[in-house]
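Coordinates in review
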Amino acid sequence: MKTASAPDRRPPRSWRNRRTAVLAGAAGTLVAGLVLTMPNTASAATTLGASAAEQGRYFGTAVAAYKLSDNTYSTILNREFNMVTPENEMKWDATEPSQGQFSYGSADQIVNHAQSHGMRVRGHALAWHSQQPGWVQSLSGTALRNAMINHVTQVATHYKGKIYAWDVVNEAFADGSSGARRDSNLQRTGNDWIEVAFRTARAADPGAKLCYNDYNTDDWNQAKTQAVYRMVQDFKSRGVPIDCVGFQSHLNSGSPYPSNYRTTLSSFAALGVDVQITELDIEQANSTWYRNVVTDCLAVARCNGITVWGIRDSDSWRASQNPLLFDGNGNKKAAYDAVLAALNSGSTPPPTTAAPTTAAPTTAAPTTAAPTTAAPTTAPPTTTPPGNAGCTGTVTLNQWPGGFVATVRVTAGSSALSGWTVTVSLPSGSAVTNTWNAQASGSSGSVGFTNVSYNGSVAAGQSTEFGFQGTGTGPGSVQSCTAR
Ligand code: XIL
């Protein structure tokens, strides 16, 4: 997504870093004041969302629909965040309170608010052992399996095209040293319930990234982390459609920030999935841990963004721990300044092609059969003449036997774009079946994709994304990117 207020010109990174370091301890208001007095030099972003966007990331929060009418709450939400997750409104008990009767009122409210404020939405959560309506809790076997499939289909279809990423399955692994699946009514329908949920979600909304989401998976040495890693490795090897892994990261003295957190993120990313921090909160808002989490995400090319689990401490599900970035009155806390400074001094490394990090020695992942589908590949950007206006396009391809989803990032060159067209060349026999955030011309051979009304303007150096689904083999790179 495009940065709301991208600077026109930026000083060299070393200079920016130095200035950020000087200002890091200053109050947020002082930073803003100084920025305003330096109109001719590019400034560090002053909100979490804008700063994350400058790093090609998002910064999100959990949102409760009933709080949108609270002025302090919505003022902070609209100013700081560019991704939202409904805190409870998309869960099974909320969306299908009785079998076959779907209720989307409060979730729609959040989605509408997000769309009208230029924010994206993480859908949460389609299949989970918790917050199930009573009628689901009393089902088992085939009846429960079919109810799950219908639920995933209905909800993902209702929100088709509006969801950036879905938590398709939430919290399916047990805590402790077993590395086993958590026992639940869904698990008792058969071990394949997770992959069935993912395949069902892909069929319903092929444009959404599909995530597995869990907690206590931050520490690379934990059996639970290793068990989830092995599941993702297995899914990738068998072509089960999974695009991302969510790390809830509810951190506290019992589940502290682990020094190998970055290893965890990069190891999962090396399997060919994106990683996202999905429910971050930290007991007493430890600034060092907050800063470390941000820095680790920025260090991993496939870490898409960070979501905190609420806005003010008083909004938190763990309010007594004061774990968020704003106090009960909506004032920025020290942890907010630490997060913003870490975002502003971050760097986005080029996409990694490194070999997967090996599993921790004590609980090494078992060897699995060679993948039948290639891991998503990010093609090198199509180059435009140096210093020129124009744009570049990069493709991230999720290919499975017989089909693919391509995500294309369009990045403006040295001048802002007011419109763009990307062309790709499809091998014969392949065809585009569905496009989002762009208008396609043609469906086979050489296919052109032109911006839609809301993503044609891209500031210099900034980028936007569109995507398409198809049958056959997807493109590994773009043919051309043209500014209009
Ligand atoms: C929590 C909400 O924050 C609470 O309001 C609700 O009462 C219980 O659920 N893991 C998840 C989230 O995936 O959905 C949970 O959210 C927190 C733990």
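These figures come from a predicted structure and were not determined experimentally.

**Examining helix H10 (residues 223–238)**
- Here H10 contains 16 residues, and its C-alpha end-to-end distance of 23 Å stays within 8% of the 22 Å for a straight helix at 1.5 Å per residue.
- A large share of H10 lies buried, amounting to 13 of its 16 residues.
- Of the residues trailing H10, Gly239 is marked for its positive phi of about 75°.

**Let's talk about the site of the ligand**
- Glu87, Lys91, His124, Glu279 and Trp309 are the nearest of the 13 residues found near the ligand.
- One nitrogen or oxygen atom from the side chain of Gln248 is found 3.2 Å from a nitrogen atom belonging to the ligand.
- At 2.8 Å from an oxygen atom of the ligand is found a side-chain nitrogen or oxygen belonging to Glu279.
- Its free accessible area being 410 Å², the ligand has 78% of it covered by the protein chains.

**Details of the packing of aromatic side chains**
- Taken as a whole and assessed by the stated rule, the structure comprises 18 aromatic pairs.
- Taken together, a centroid distance of 5.3 Å and an interplanar angle of 25° make the contact between Trp420 and Phe466 stacked. Here Phe466 lies in strand E17 (residues 463–471) and Trp420 lies in strand E13 (residues 420–425), a separation of 46 residues in the sequence. Side by side, Trp420 and Phe466 carry an identical accessibility label, which is buried.

Conventions we followed
- Residues numbered from 1 in each chain as written.
- Predicted model: local features only at pLDDT ≥ 70, side-chain atom pairs only at ≥ 80, totals over all residues.
- Heavy atoms only, no water.
- Helix = DSSP H or I, 4+ residues; strand = E, 2+ residues; numbered from the N terminus.
- Expected span 1.5 Å × (residues − 1).
- Buried < 20%, exposed > 50% of the residue type's maximum accessible area, 1.4 Å probe, protein only.
- Near = heavy atom within 4 Å.
- Polar contact = N/O pair within 3.5 Å; in protein donor to acceptor, adjacent residues only side chain to side chain.
- Areas by Shrake-Rupley, 256 points an atom, 1.4 Å probe, with all protein chains shown as cover.
- Phe/Tyr/Trp six-rings, centres within 6.5 Å; stacked < 30°, edge-to-face > 60°.

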